[in-house]
Amino acid sequence: MTSTPLIERYRDLLPVGDATPVVSLGEGDTPLVEMPRLSERAGVRLVAKIEGANPTGSFKDRGMTIAVSKALEGGAEAVICASTGNTSASAAAYAARAGLRAAVVVPEGKIAAGKLAQALVHGARVLALDDGFDAALSIVRAIAERHNVSLVNSLNEFRIDGQRTAAYEICDALGDAPDALCIPVGNAGNVSAYWLGFTAYRDAERSARLPRLYGFQAEGAAPLVGGAPVERPETVATAIRIGKPARGQQALGAMAESGGAVDAVSDQEILDAYRALAVEEGLFCEPASAAAVAGALRRAAAGGFGDDDTVVCVLTGHGLKDPDTAIEGSAGLQRMPARLEAVEEALFA
Ligand SMILES: *Cc1c(COP(=O)(O)O)cnc(C)c1O
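Residues numbered from 1 in each chain as written. Predicted model: local features only at pLDDT ≥ 70, side-chain atom pairs only at ≥ 80, totals over all residues. Heavy atoms only, no water.

Visitor: Honestly, the pattern of salt bridges in this entry has me stumped. Any pointers?
Guide: Side chains carrying opposite charge are able to pair once their charged atoms draw close together. Scanning the entire structure with this criterion turns up 20 salt bridges. The partner of Glu-169 in a salt bridge is Lys-49, and the shortest N-O contact between them spans 2.8 Å. One end of the pair, Glu-169, is in helix α8 (residues 165-174); the other, Lys-49, is in strand β2 (residues 45-50), and 120 residues separate them in sequence. Each member of the pair, Glu-169 together with Lys-49, is buried. In this structure, Asp-176 engages Arg-209 in a salt bridge whose closest nitrogen and oxygen atoms are separated by 3.9 Å. Of the two residues, Asp-176 is situated in the loop between α8 and β7 (180-184) and Arg-209 in the loop between α9 (189-203) and β8 (212-218); the sequence distance between them amounts to 33 residues. (Salt bridge = Lys/Arg side-chain N within 4 Å of Asp/Glu carboxyl O. Helix = DSSP H or I, 4+ residues; strand = E, 2+ residues; numbered from the N terminus. Buried < 20%, exposed > 50% of the residue type's maximum accessible area, 1.4 Å probe, protein only.)

Have a look at this one:
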């Protein structure tokens, strides 16, 4: 049997009809994995939702399966997005699957190598602008208004509808919603989607309670924490390097309503969490994802969780997306002659 498309597993909770063509790559149904060593350190049960296990390596696929299915149903000729990387990788793959053209507009600055490779290999037109993400987004919005092209940024409500399903899966796996959810925040679409998902599931009586939502931005790109847009956002976590979150107000409302909060973590905390996940738990995520764990560790150290809490950290994207960051901060290679004694000495001396 082949994998059941996300759309089929939660069809009753999604905006699809009998006429909607299902464009699927086998997304969702991602693992929920205990983090025993980090839990021990934090003094609270930390669990990771491994969204890097999606087909293109990030949670963006949950929204993209719906957005591209609806674009196809609506007769769009192409899809377009502005993206720091993962949206373009996902849009390119799902457009290829649907037989649609894709255009992705990337902002200036470094795009992680894996994400760029994905957009290119799937045949998308990749346009690199000499300005930041926010400028890229306003240009693609204007293009989508003037042409028969579907905008698949997270402004697209179908993306948010699809991304809700991660909350459904967590409730199904744990038997109810967790006590708290920690999640990185960029454009703030995902944290908004989780809240809609948890509330929809509770309202459908498929879970009994709601979690507190804690969103984490990087200190150099923390407009929701500072209360004002950031003109030149800067952080190692490129997936959340966003100065004007498209869904900022919605996300602030969701976090407040849940009894949670938004906070910022430093690049050093992000990289420390990134290493700890890889070395102590065997979990390789991209730096933006590690912001959720950095935030959970900080919050735990400040006594911000109950002793018996289950805290789910959303690892939003796979570490292979950004091999440069992985290699830069690592011990590197040790070169040596091809002799048994040399290798033995290096390993055991
Ligand atoms: C898109 C993305 C985010 C941020 O999600 P938003 O919905 O923009 O807040 C975080 N991590 C990764 C890996 C992403 O691709």
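Visitor: Just to check I follow, could you spell out the sheet that holds strand β9 (residues 261-265) for this structure?
Guide: Whenever strands of a sheet pair, they do so through backbone hydrogen bonds, lying parallel or antiparallel. Spatially, the 6 strands line up as an open sheet ordered β1-β2-β10-β7-β8-β9, and their pairing is mixed. Strand pairing shows two members of the sheet lacking a second neighbour, β1 (32-34) and β9, which therefore form its edges. Taken pair by pair, the neighbouring strands of this sheet meet at an average axis angle of 25 degrees, ignoring direction. Relative to strand β10 (residues 310-315), β7 runs parallel, the two sharing 3 bridges. From the neighbouring strand, Ala-180 faces β10, where its bridge partner is Val-311. Its contacts with the sheet put α9 on β2, β7, β8 and β10, and the angle it makes with β7 is roughly 155 degrees. (Pairing = 2+ DSSP bridges. Axes fitted to C-alpha atoms, helices over the stretch in contact; angles between N-to-C directions. Contact = heavy atoms within 4.5 Å.)

Visitor: What should I look at first to understand helix α4 (residues 86-98) in this one?
Guide: Think of an α-helix as turning once every 3.6 residues; residues three or four places apart then point the same way. Taking 1.5 Å per residue as the helical rise, α4 with its 13 residues ought to reach 18 Å, and the 18 Å between its terminal C-alpha atoms agrees with that figure. Counting buried positions over the 13 residues of α4 gives 11, a clear majority of the element. Looking only at α4, the buried set comprises Asn-86, Thr-87, Ser-88, Ala-89, Ser-90, Ala-91, Ala-92, Ala-93, Tyr-94, Ala-95 and Ala-98. Those residues of α4 hidden inside the fold are in contact with α3 (60-73), β3 (78-82), β4 (101-106), α5 (113-121) and α7 (157-163). One or two residues past the end of α4 sits Gly-99, with phi positive at roughly 75 degrees. (Expected span 1.5 Å × (residues − 1).)

Visitor: Would you take a moment to explain the environment of Val-236 for this structure?
Guide: Turning to its location among the elements, Val-236 is positioned in the loop between α10 (223-226) and α11 (248-258). C-alpha separation for the pair Val-236 and Ser-266, spaced 30 residues apart in sequence, amounts to 9.6 Å. Beyond its immediate sequence surroundings of up to four residues, Val-236 is in contact with Asp-267, Ile-270, Leu-271, Pro-287 and Thr-325.

Visitor: How should the side chain of Ser-289 be read in this particular structure?
Guide: Tracing the chain through its elements places Ser-289 in helix α13 (residues 287-301). When sequence neighbours within four positions are dropped, the list of residues in contact with Ser-289 reads Pro-184, Val-314, Leu-315, Thr-316 and Gly-317.

Visitor: Sorry, what's going on with the site of the ligand here?
Guide: Near the ligand lie 16 residues; those nearest to it are Lys-60, Asn-86, Asn-187, Asn-190 and Thr-316. Between the ligand and the protein, one listed contact pairs an oxygen atom with a side-chain N or O atom of Lys-60 at 2.6 Å. Take Gly-186: an N or O atom from its main chain is 2.8 Å from an oxygen atom of the ligand. For the ligand, the accessible surface in isolation is 380 Å², of which the surrounding protein chains cover 95%. (Near = heavy atom within 4 Å. Polar contact = N/O pair within 3.5 Å; in protein donor to acceptor, adjacent residues only side chain to side chain. Areas by Shrake-Rupley, 256 points an atom, 1.4 Å probe, with all protein chains shown as cover.)

Visitor: How should the packing of aromatic side chains be read in this particular structure?
Guide: Following the criterion strictly, the structure yields 5 aromatic pairs and no others. Judged by centre distance (4.7 Å) and plane angle (15 degrees), the ring pair of Tyr-168 and Tyr-201 falls under stacked. Taken together, the positions of Tyr-168 in helix α8 and Tyr-201 in helix α9 put the pair 33 residues apart, joining distant regions of the chain. Geometrically, the ring pair formed by Tyr-214 and Phe-305 is edge-to-face, given 5.8 Å between the ring centres and 85 degrees between the ring planes. Remark: Phe-305 occurs in the loop between α13 and β10 and Tyr-214 occurs in strand β8; sequence separation between them is 91 residues. Judged by its relative accessible area of 3%, Tyr-214 is buried. Among the aromatic residues, ring-to-ring pairing joins Tyr-10, Tyr-168 and Tyr-201 into one connected group. The lysine or arginine in question, Arg-299, covers the ring of Phe-305, its NZ or CZ lying 5.9 Å from the ring centre. (Phe/Tyr/Trp six-rings, centres within 6.5 Å; stacked < 30°, edge-to-face > 60°. Lys NZ or Arg CZ within 6 Å of the ring centre and 35° of its normal.)

Visitor: What's the story with the sheet that holds β3 in this structure? I'm lost.
Guide: Read across the sheet, 4 strands follow the order β5-β4-β3-β6 without closing on themselves; strand pairing throughout is parallel. A strand with exactly one partner marks an edge of an open sheet, and here the two such strands are β5 (125-128) and β6 (149-151). Pairs of neighbouring strands in the sheet enclose a mean axial angle of 20 degrees, with direction left out of account. Where β4 lies against β5, 4 bridges are found, and the strand directions are parallel. If you follow Ala-103 over to β5, its bridge partner there is Arg-125. Against the sheet, helix α6 (residues 133-146) touches β3, β4 and β6, its axis set at about 155 degrees to β3.

Visitor: Could you clarify how one ought to interpret α9 in this entry?
Guide: If you check α9, its first and last C-alpha atoms are 21 Å apart, about what 15 residues at 1.5 Å a residue would give, namely 21 Å. Of all 15 residues in α9, 12 are buried; the element is thus mostly enclosed. Among the residues of α9, Gly-189, Asn-190, Val-191, Ser-192, Ala-193, Tyr-194, Trp-195, Gly-197, Phe-198, Thr-199, Ala-200 and Tyr-201 are the ones counted as buried. With its phi angle positive at about 55 degrees, Glu-205 sits one or two positions after the end of α9.

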